[in-house]
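# Observations on chain architecture
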Amino acid sequence: MHAKSVVLLTALTIQGGVLPLPAPQRQQPIDRSLDVRELLVAARGVAPAMCALASDGASNGGWGWDAPTAVVHSDVRASIRNLRSIEIDDDQGRALLDGLSSDDACVRHLAGTLIGRSGDKSFLPPLVTRLGASAPADRAGAARVLGLLADRRAVDPLVAKLRDDNASVRANSAWALGRIGDRGATAQIASLLHDSDMLVRLSSVTALGELPNTDNVEALLRVLKSDESPEVRRTAAWALGQIGSRTAGEGLAAALREDKAEPVREMSAWALAEIHARDFVDALTNSLKGDESESVREMAAWALGEIGVKKAADQLGDAVARDKSSRVRATAAWAIGELNPGRAPKSLVAALRDQDDDVRLKSAWALSEIGDAETVKDITAALKSEQRDRVRQALVRALIETGEGSSDAFKDLLEAKDPETRQMAVKALAGRRGPWPWPWPQPRPRPFP
């Protein structure tokens with residue numbers, strides 16, 4: 001088996017932002033692109049157990065996610081899933097520790113992952129000892145595994161490694177301290193924010209986000225404003241959102257307006273919502289209207305809905321009517337529903353005729369949240385032409401919530417072809433209430449560094 005293949009596939013199985021093992025000093029940006037052809041070539045000839053683990057990683061770590069008669073079969077999933085409840089004997093423990101010193105990078109990586117997943121605290125003393133090893137690879141690997149085990153007894157030894165002469169050791173030690181969650185280490189971690197190595201700065205910013213402390217806000221704002229790496233700046237915005245201090249609002253708004261990197265602006269919009277920066281709604285509405293990036297505009301729309309300032313409804317309505325991106329239009333419609341301005345914007349009603357299914361769905365949901373009786377005729381008209389069952393159900397819910405004036409509209413729905421629509425109409429006529437016709441529209445999951 002080629003080592004390259006194993007490294008590529010096993011890397012897919014690792015969850016939670018573990019930093020790489022030692023390599024020469026790196027300053028290039030992190031490459032988030034994906035070459036599926038390279039992955040498929042690397043997968044050829046790989047053992048079934050490794051292929052199963054790699055597939056789990058590619059599916060975002062969903063143990064048991066695949067079908068019971070998948071192409072590749074292996075019992076390794078069940079074994080690893082139960083690893084915390086299985087006692088690791090001395091022989092297996094020695095094999096895992098020996099694996100940390102293997103000349104094969106994949107073996108080192110997998111051995112460390114298995115130790116971390118085991119949760120076996122008896123590994124702690126030998127791992128702390130390895131922090132003093134002469135080889136940087138051994139020190140960095142030990143720091144990584146100590147972070148996976150997340151035992152507070154490793155805090156002091158890891159803090160000492162923040163001054164290591166090897167960048168990967170410093171990076172993994174900072175990351176590990178963030179995983180462990182001891183806020184007493186924040187001052188020492190913050191000392192790495194100006195490290196010459198990009199990965200060290202990135203790991204220290206990530207750790208500070210995992211250890212919320214308002215004392216670090218000013219330092220993170222300086223990183224957000226001036227670090228040369230877009231990845232580090234993006235993570236600084238995330239960390240500021242995690243800390244939740246409103247004093248970060250001005251700096252985040254400035255990054256949203258001025259940063260040249262799209263991911264930094266997007267994360268800054270998210271962070272403004274996290275800190276409930278009501279004083280900086282104008283910065284978000286300006287981005288919603290004028291940012292060239294679809295992702296930034298959508299995040300700005302989501303943030304406006306989260307913050308909850310009703311005056312933003314008009315700008316969100318403009319986005320529903322005019323934005324060229326269906327993703328932005330849909331999220332803007334959702335945000336209007338979150339704001340519930342009392343009267344439905346005309347653009348939200350007009351969006352019931354949008355070509356995109358999701359835009360119509362979220363617009364109907366938003367109208368049901370607002371409950372404006374003036375929209376009954378438009379909702380009824382939309383029901384007559386709507387072909388998608390989920391959207392029809394959403395429109396029925398909107399009628400339910402618009403008051404007594406909608407009663408006549410339900411009579412025609414009793415003969416609808418869709419049984420769920422008929423059921424909703426019956427419940428509405430009987431009791432004016434029905435179950436949610438589908439899970440509430442939600443923005444995409446919160447971003448991570």
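None of the values given here were measured: they were computed from a predicted structure. (Residues numbered from 1 in each chain as written. Predicted model: local features only at pLDDT ≥ 70, side-chain atom pairs only at ≥ 80, totals over all residues. Heavy atoms only, no water.)

### Focus on the overall build of the protein chain
Spelled out, the test is: Every helix listed is a DSSP run of H or I at least four residues long, and every strand listed is a run of E at least two residues long, numbered separately from the N terminus. Exposure is judged per residue with a 1.4 Å probe applied to protein chains only, and the accessible area is read against the type maximum: over 50% gives exposed, under 20% gives buried, and values in between give partly exposed. Here, two residues are considered to be in contact whenever any of their heavy atoms come within 4.5 Å of each other. Computed with the Shrake-Rupley method and a 1.4 Å probe, the accessible areas treat only the protein chains shown as cover for residues.
When helices and strands are counted, the protein chain shows 26 helices and 0 strands. Counting the 449 residues in the protein chain, one finds 54% classified as buried. Excluding contacts between residues fewer than 6 apart, the proportion of contacts in the protein chain whose partners are at least 24 apart in sequence is 69%. Of the roughly 21900 Å² that the protein chain leaves accessible, carbon and sulfur atoms contribute 50%.

### Notes on unusual backbone geometry
Here the phi dihedral of alanine 150 falls at roughly 55°; this positive angle occurs in a residue that is not glycine. The backbone phi angle of asparagine 340 is positive, close to 45°, even though this residue is not glycine. Checked against the element boundaries, asparagine 340 lands in the loop between helix H20 (326-339) and helix H21 (346-350). Among the residues examined, asparagine 340 registers a relative accessible area of 30% and is labelled partly exposed.

### Quick notes on the environment of leucine 177
Relative to the helices and strands, leucine 177 is located in helix H10 (residues 167-180). Spatially, the C-alpha atoms of leucine 177 and valine 159 are 7.7 Å apart, while their sequence positions differ by 18 residues. With residues near it in sequence (within four places) discarded, leucine 177 still touches Val155, Leu158, Val159, Leu162, Asp182, Ala185, Ile189 and Leu211.

### A few points about the environment of arginine 201
With respect to the secondary-structure elements, arginine 201 resides in helix H12 (residues 198-210). For arginine 201, a relative accessible area of 5% translates into the label buried. Considered as a pair, arginine 201 and glutamate 231 are 30 residues apart in the sequence and their alpha carbons are 9.9 Å apart.

### Structural notes on the confidence of the model for the protein chain
Put simply, the rule reads: Per residue, pLDDT captures the predictor's confidence, and it can take any value from 0 to 100.
Predicted confidence across the protein chain gives a mean pLDDT of 84, with 77% of residues reaching 70 or more. pLDDT under 50 marks residues 1-26. Its contacts with residues more than four places away, or in other chains, come to 62 contacts.

### Details of the environment of leucine 288
Mapped onto the fold, leucine 288 is located in helix H17 (residues 281-290). A relative accessible area of 3% places leucine 288 in the buried class. Between the C-alpha atoms of leucine 288 and alanine 303, which are 15 residues apart in sequence, the distance is 10.0 Å.

### A word on the pattern of salt bridges
Inclusion rule: Whenever a carboxyl oxygen of Asp or Glu lies within 4 Å of a side-chain nitrogen of Lys or Arg, that contact is scored as a salt bridge.
Within the structure shown, the criterion is met by 24 salt bridges. A salt bridge links aspartate 91 to arginine 94; the nearest nitrogen and oxygen atoms lie 3.9 Å apart. Here arginine 94 and aspartate 91 lie together in helix H5 (residues 90-99), a separation of 3 residues that amounts to about one turn. On the basis of relative accessible area, aspartate 91 is assigned to the exposed category, the value being 53%.

### Here's the deal with the side chain of serine 293
For clarity, the cut-off: Two N or O atoms count as a polar contact when they lie within 3.5 Å, although within protein this holds only if one can serve as hydrogen donor and the other as acceptor, and sequence-adjacent residues are included solely when both atoms are side-chain atoms.
In this structure, serine 293 sits in the loop between H17 and helix H18 (294-307). Looking at serine 293, its side chain comes within polar contact range of the side chain of glutamate 262, at 3.3 Å. For serine 293, the side chain forms a polar contact with the main-chain nitrogen of serine 295, separated by 3.2 Å.

### Concerning helix H16 (residues 262-274)
In plain terms, the rule: The span you would expect from a helix comes to 1.5 Å times its residue count less one.
For H16, with 13 residues, the first-to-last C-alpha span of 19 Å sits near the 18 Å given by 1.5 Å per residue. Of all 13 residues that make up H16, 10 are buried, and the element is covered over most of its length. What H16 keeps buried is the set Val264, Arg265, Glu266, Met267, Ser268, Ala269, Trp270, Ala271, Leu272 and Ala273. Residues of H16 that are buried make contact with helix H13 (217-226), helix H14 (230-243), helix H15 (249-258), H17 and H18. Immediately downstream of H16, the backbone of histidine 276 shows phi near 55°, a positive value.

### Some points on H17
Val281, Ala283, Leu284, Thr285, Ser287 and Leu288 are the residues of H17 that are buried. On its buried face, H17 is in contact with H15, H16, H18, helix H19 (313-322) and H20.

### Regarding the nonpolar core
Test applied: For the purposes of this section, nonpolar cores are sets of buried Ala, Val, Leu, Ile, Met, Phe, Trp, Tyr and Cys residues that join through side-chain atoms within 4.5 Å.
Within the largest apolar cluster, 118 residues are counted, with the highest numbers of intra-cluster contacts made by Ile115, Leu158, Leu224, Leu252, Leu284 and Leu316. Every residue in contact with leucine 158, bar those within four places of it in the chain, is listed here: Leu131, Ala143, Leu146, Ser173, Ala176, Leu177 and Ile180.

### Notes on the packing of H10 against H12
As a reminder of what qualifies: Simply put, an axis is a line fit to the C-alpha atoms, just over the touching stretch for a helix, and the angle between two N-to-C directions goes from 0 to 180 degrees. When describing relative orientation, an angle under 35 degrees is termed roughly parallel and one over 145 degrees roughly antiparallel, while 65 to 115 degrees is termed roughly perpendicular and anything else oblique. Here the nonpolar group is Ala, Val, Leu, Ile, Met, Phe, Trp, Tyr, Cys and Pro; Asp, Glu, Lys and Arg are the charged ones; every other residue, Gly included, is treated as polar.
Between H10 and H12, the least distance of the axes is 8 Å, while the angle of their chain directions is 10°. Overall, the two elements H10 and H12 adopt an arrangement that is roughly parallel. Contacts from Ala167, Arg170, Ala171, Ala174, Trp175 and Gly178 of H10 reach H12 at Leu199, Val200, Ser203, Ser204, Ala207 and Glu210. Partitioning the contact of H10 with H12 into residue classes produces 7 nonpolar, 3 polar and 2 charged.

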